[in-house]
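Each chain, written out:
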Amino acid sequence: YMRIVAFSPDGTRVCSASYAKLVKSWDAETGAEICGSPAYITFSPDGTRFVSGWSDQQLLTILDAGTGAKMCTLAGHSYRDGKVWFSRNGKRV
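A few points on the structure. (Residues numbered from 1 in each chain as written. Predicted model: local features only at pLDDT ≥ 70, side-chain atom pairs only at ≥ 80, totals over all residues. Heavy atoms only, no water.)

## Here we look at the side chain of Ser8
Here Ser8 is to be found in the loop between strand 1 (2–7) and strand 2 (13–18). A polar side-chain atom of Ser8 sits 2.7 Å from a polar atom in the side chain of Asp10. For Ser8, the side chain forms a polar contact with the main-chain nitrogen of Thr12, separated by 3.3 Å. Contact partners of Ser8, with chain neighbours within four places excluded, come to Arg13 and Phe43. (Helix = DSSP H or I, 4+ residues; strand = E, 2+ residues; numbered from the N terminus. Polar contact = N/O pair within 3.5 Å; in protein donor to acceptor, adjacent residues only side chain to side chain. Contact = heavy atoms within 4.5 Å.)

Here is the structure:
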C-alpha cells in the first residue's frame, strides 16, 4: 500500500513511498519507472532532485529526479517523525 505520493513542481514526475519502505519515481506522462529507493521523500523546489531516507537507518539520500542517479548520502541524521524537506532555496535538507 502507498503511504504518500508527491508530484514534482513541474508535474512531469511522481514519487511514492509505501508502508514497505520503498520509494519509486515515475514519469508522470508515460508511467515509466525512473527509479526505486528507500522510504521518506520530497522534491527540491526546482524539481531536479528528491531526497529519500529511512528514519531507523539515520540515512538520507539525494537523487537526481530525472535519472534516479544517487547524488549523495547523508548519514547520522535523527529525524523521528520520518519527514524531510528541502529549504525554500533548495540548498539545505
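## Re the pairing of strand 7 (residues 59–64)
As judged from the five bridges shared by strand 7 and strand 8 (residues 70–75), these two strands associate in the antiparallel manner. Residue pairing in the sheet places Leu63 in a bridge with Lys70 of strand 8. A loop of five residues connects strand 7 with strand 8, the two strands running antiparallel in sequence, and Gly68 in this loop sits at a positive phi of about 85°. (Pairing = 2+ DSSP bridges.)

## A word on the environment of Tyr1
By the element assignment, Tyr1 lies in the segment before strand 1. Separated by 16 residues in sequence, Tyr1 and Ala17 have C-alpha atoms that sit 8.8 Å apart. The contacts of Tyr1, once residues within four sequence positions are left out, are Ser18 and Tyr19.

## Concerning the environment of Ala32
Structurally, the position occupied by Ala32 is in the loop between strand 3 (23–27) and strand 4 (33–37). Overall, the relative accessible area of 41% leaves Ala32 in the partly exposed class. Each C-alpha atom of the pair Ala32 and Arg13 lies 9.7 Å from the other, and the pair is 19 residues apart in sequence. Excluding residues that lie within four positions of it along the chain, Ala32 makes contacts with Ser25, Trp26 and Asp27. (Buried < 20%, exposed > 50% of the residue type's maximum accessible area, 1.4 Å probe, protein only.)

## Considerations on a nonpolar patch on the surface
Among the surface-exposed residues, Met2, Val5 and Phe7 lie close enough to one another that they form a single nonpolar patch of about 320 Å² accessible area. In this structure, Phe7 sits in strand 1. Residue Phe7 is classed as exposed on the basis of its relative accessible area of 56%. (Patch = residues over 30% accessible without salt bridge, like charges linked within 9 Å, V, L, I, M, F, W, Y side chains within 5 Å. Areas by Shrake-Rupley, 256 points an atom, 1.4 Å probe, with all protein chains shown as cover. Salt bridge = Lys/Arg side-chain N within 4 Å of Asp/Glu carboxyl O.)

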